[in-house]
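# Examining the three-dimensional arrangement
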Amino acid sequence: MRQYRSRVTGLLVLLLSAFLVHTVTTAEGQTTQDKMHLRLASSKPITSLDPADGDPALVTQLFAGLTEIDPETFEPKPSLARSWEVSEDGTVYTFFLRKDIRWSNGKPITSHDFVKTLRKHLDGFEAPKDLLLLKNVQSFFDGELEDESLLGFQAVDNHILQFTLEHPAPLFPVIVSSLHYRPVPVQVIEEKGKERWTDPGNIVVSGPYTLQRWRKKKVLILAKNPAYFDAAKVQIEKISYAMLPSSKFALKMYEENALDIIPISKRGQNSTIQNMLGIKEQLAEKPLLQTWYLGFNQSRPPVDQPLVRKAIAAAIDKEFLLEKILRLMGDPSNTFTPPPSFGAVNSKAEIGIPFNFKQGQQQLFEAGYSNKTLPKIYINGPADLVLKPLKLMLERNLPIKIGLYGEDEEAGDPEDAHIFLSFKQAVYPDAHYFLSEFDPASNANKLHWNNENYTDLLNKAFRQHDVKQRKELYQAAERILCQEEAAVIPLFYRKIAFLTTPRLQWTYSPTGTQQLWTWSFTDN
């Protein structure tokens, strides 16, 4: 049976490789592999290219932002905007657009395109979180404001775009690199319809690449956009995404020289590859800026008590869970913001709750609970692979019973779980993006937690220009969140490894949205 499966896998890889080469054959009869053709794999079907709901890793190749984040310094760098200014009070940002920026159909991109895009985002069921910083956006979305001229974005002229904020935010030039601030061709969307405007032949883009071909569930091909303002510097001419059923197919295609770079997420895979002659030198491990964590629903006893939450945190051996059971690449975490994000806590700061199950047992006793009086605690989350080991670990280290949804008939509504498992992936590498997830003043706060000191620290940090003071404020917020209140339990920061062909010259972006237009191949 194993030999049969191996033959089937080999045949499918051969067919996929042949299909991939066939679909990118040039008119001259030569494949673009002979030129500058980057071959990638996608682990899941690509279903949308719309910046409103598409995969950021792909969408950013098609739609440029006012700024882009430098993958090495994390500083904003000019893109569609050539420069920007900020008012003395820090609430008004004026962006000056390049005058040579055009849509892929040749039409100029103007500040009015940004205004139309932002206005379109306010027609949805929920206002995008990163737009609520703009003056009067929340009031307009809630129906309390009718005058659109009072919204915090306006076109001063064709090449000057101005934003007025609710309060100072030094991080704003980074925030405008996010997807909702990237202009889309509103007129094309209205003409072709929301479901068809991203089809090949319809789509109009602003970024370094445009869509050449898209065969659903098989392959997607991008081609260099000659109308892109910086096209002369884009060396990769074509990018193909092969949609593969598993990582085994990707690894096999890489071995067959049918892919140029593939991600490796499992520690076991990493170890196997390290022993493969001729490939282990091509393996590089990178931070992912992704934090997995447990959050407490503090509307439900007994996790409404800090001592109970601290006891559960102290009972989890994160290093053992990550490396021995899950066998994932990453680092155990006691604080929430993953390094090297700005504001991440230095490990020497000793913030958070380390593994000490005896201390956890004592804290449960101090909270007035024993194994006979503590009610069953239910955990809900997307990863069954993580939840079952957590259940066993907690029940072994504490006098506690854990229920999992899908296994326990008495669990009830998953939304009422005592604890939920989740993860946070960076859109931009800053502590504000991570810590604001739990701001008690936020509508997205799922903890039912109220801590005015935490909110105050986040607000002060967001408005603070001094780098050192911002870091200190974030560190104080982490201490409240992960230690004093134990409102969440950070579990681990994920890492990822990549196999890359030696001739690929690339710069890794830990946010996951790789800037493929800066990559190139050597002649070797």
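Reading the values: the criteria
Residues numbered from 1 in each chain as written. Predicted model: local features only at pLDDT ≥ 70, side-chain atom pairs only at ≥ 80, totals over all residues. Heavy atoms only, no water. Core = buried A, V, L, I, M, F, W, Y, C linked by side-chain atoms within 4.5 Å. Buried < 20%, exposed > 50% of the residue type's maximum accessible area, 1.4 Å probe, protein only. Helix = DSSP H or I, 4+ residues; strand = E, 2+ residues; numbered from the N terminus. Contact = heavy atoms within 4.5 Å. Phe/Tyr/Trp six-rings, centres within 6.5 Å; stacked < 30°, edge-to-face > 60°. Patch = residues over 30% accessible without salt bridge, like charges linked within 9 Å, V, L, I, M, F, W, Y side chains within 5 Å. Areas by Shrake-Rupley, 256 points an atom, 1.4 Å probe, with all protein chains shown as cover. Salt bridge = Lys/Arg side-chain N within 4 Å of Asp/Glu carboxyl O. Lys, Arg positive; Asp, Glu negative; His and termini not counted. Charge placed at Lys NZ, Arg CZ, Asp CG, Glu CD. Pairing = 2+ DSSP bridges. Axes fitted to C-alpha atoms, helices over the stretch in contact; angles between N-to-C directions. Parallel < 35°, antiparallel > 145°, perpendicular 65-115°, else oblique. Left-handed = near helix turned anticlockwise from the far one by under 90°. Nonpolar A, V, L, I, M, F, W, Y, C, P; charged D, E, K, R; others polar. Expected span 1.5 Å × (residues − 1). pLDDT = per-residue confidence, 0-100. Arc of directions from axis to C-beta. Polar contact = N/O pair within 3.5 Å; in protein donor to acceptor, adjacent residues only side chain to side chain.

What follows deals with the nonpolar core. Among the nonpolar cores identified, the biggest contains 99 residues, and F163, F172, L220 and L481 are the most heavily contacted of them. Ranked by residue count, the leading element in this core is helix α15 (residues 467-484), at six residues. Excluding anything up to four places from it in sequence, L220 contacts I46, L49, L58, L211, R213, W214, I239, S240, Y241 and M243. Ranked by size, the runner-up nonpolar core spans 38 residues in total, among them L321, I353, Y369 and I379.

Counted by the stated rule, this structure contains 25 aromatic pairs. With centroids separated by 5.9 Å and ring planes inclined at 50 degrees, the aromatic side chains of Y378 and Y405 adopt a geometry described as tilted. Placement of the pair is Y378 in strand β14 (residues 377-380) and Y405 in the loop between β15 (402-404) and β16 (419-425), with a sequence separation of 27 residues. The two residues Y378 and Y405 agree in class, both being buried.

Attention now goes to a positive patch on the surface. The grouping of R213, R215, K217 and K218 at the surface amounts to a positive patch. Position of R213 relative to the elements: it lies in strand β8 (residues 209-215).

So, on to the pattern of salt bridges. For the coordinates displayed, the defined rule picks out 15 salt bridges. With its nearest N and O atoms 3.9 Å apart, the salt bridge here joins E285 to K495. Of this pair, E285 sits in strand β12 (residues 283-296) while K495 sits in strand β17 (residues 488-500), and the two are 210 residues apart along the sequence. Here D456 ties to K460 by a salt bridge, and the two come within 3.2 Å at their closest N and O atoms.

With 10 of 14 residues buried, β12 is to be regarded as a mostly interior element. The pairing of β12 with β17 spans 10 bridges and is antiparallel. Each residue of the ladder has a partner; that of W292, found in β17, is F492. As judged from the seven bridges shared by β12 and β16, these two strands associate in the antiparallel manner. The residue bridging Y293 from the neighbouring strand is S422, located in β16.

Glancing now at the pairing of strand β7 (residues 160-164). Examined bridge by bridge, strand β5 (residues 92-97) and β7 share five bridges and lie antiparallel to one another. Across the sheet, T94 pairs through a bridge with Q162, a residue of β7. Pairing of strand β6 (residues 153-157) with β7 involves four bridges; the strand directions are antiparallel. Across the sheet, residue A155 finds its bridge partner in β7, namely L161.

On to the packing of helix α10 (residues 318-326) against helix α12 (residues 384-397). Where α10 contacts α12, the two axes come as close as 11 Å, and the packing angle between them is 125 degrees. Taken together, α10 and α12 sit at an angle that is classed as oblique. The crossing of α10 and α12 is right-handed. Packed against α10, whose contacting residues are F320, L321, I325 and L326, the element α12 presents L385, V386, P389, L390 and M393 at the interface. Tallied by class, the residues present in the contact of α10 with α12 amount to nine nonpolar, no polar and no charged.

Keep in mind that most residues, glycine aside, have a negative phi and that most peptide bonds are trans. Along the chain, P301 connects to P302 via a cis peptide bond; the corresponding omega equals 5 degrees. Here P302 shows up in the loop between β12 and α9 (306-314). In this structure, the amide linkage connecting P339 to the following residue, P340, adopts the cis form with an omega of 10 degrees. Assignment of secondary structure puts P340 in the loop between β13 (330-332) and α11 (357-366). One non-glycine residue with positive phi stands out, namely F74, at about 65 degrees. In this fold, F74 is placed in the loop between β2 (67-69) and β3 (76-78).

The next subject is the sheet that holds strand β4 (residues 81-86). Reading across the sheet, the four strands line up as β4-β5-β7-β6 and stay open at both edges, with antiparallel pairing between neighbours. Of all strands in the sheet, those with a lone pairing partner are β4 and β6, marking the two edges. Neighbour-to-neighbour, the strand axes of the sheet open up by a mean angle of 25 degrees, direction not taken into account. Contacts from helix α3 (residues 111-121) reach β5, β6 and β7 within the one sheet, and its direction differs from that of β6 by about 165 degrees.

The next subject is α12. With 14 residues, α12 extends 20 Å between its outermost C-alpha atoms, agreeing within 8% with the 20 Å of an ideal straight helix rising 1.5 Å per residue. Considered for burial, the residues of α12 that qualify are V386, L387, P389, L390, K391, M393, L394 and N397.

Tracing the sequence through the fold places A349 in the loop between β13 and α11. Residue classification places A349 among the partly exposed positions, given a relative accessible area of 24%. Between the alpha carbons of A349 and G207 there is a distance of 42 Å; along the sequence they are 142 residues apart.

When pLDDT is averaged along the protein chain, the result is 89, and 90% of the positions lie at 70 or above. Throughout residues 1-33 the model reports pLDDT below 50, and contacts reaching past four residues in sequence, or to other chains, amount to 36 contacts.

To continue, consider the packing of helix α14 (residues 452-463) against α15. Packing of α14 against α15 leaves a shortest axis separation of 9 Å and a crossing angle of 160 degrees. Relative to α15, the element α14 is oriented roughly antiparallel. As α14 runs across α15, the sense of the crossing is left-handed. Along its contact with α14, which presents N453, Y454, L457, L458, K460, A461 and F462, the element α15 presents R470, L473, Y474, A476, A477, I480 and L481. When grouped by side-chain class, the residues that make up the contact of α14 with α15 number 11 nonpolar, one polar and two charged.

This brings us to α15. With 18 residues, α15 extends 25 Å from end C-alpha to end C-alpha; this agrees with the ideal 26 Å at 1.5 Å per step. Of all the positions in α15, only R470, L473, Y474, A477, E478, I480, L481 and C482 are classed as buried. Down the axis, α15 shows its buried residues gathered within 160 degrees of arc, on one side only. Tucked inside the fold, the buried residues of α15 contact α13 (431-435), α14 and β17. N-cap assignment for α15: the residue whose side-chain oxygen lies 3.2 Å from the backbone N of K468 is D466. The positive-phi residue at the C-terminal boundary of α15 is A486, with phi of around 45 degrees.

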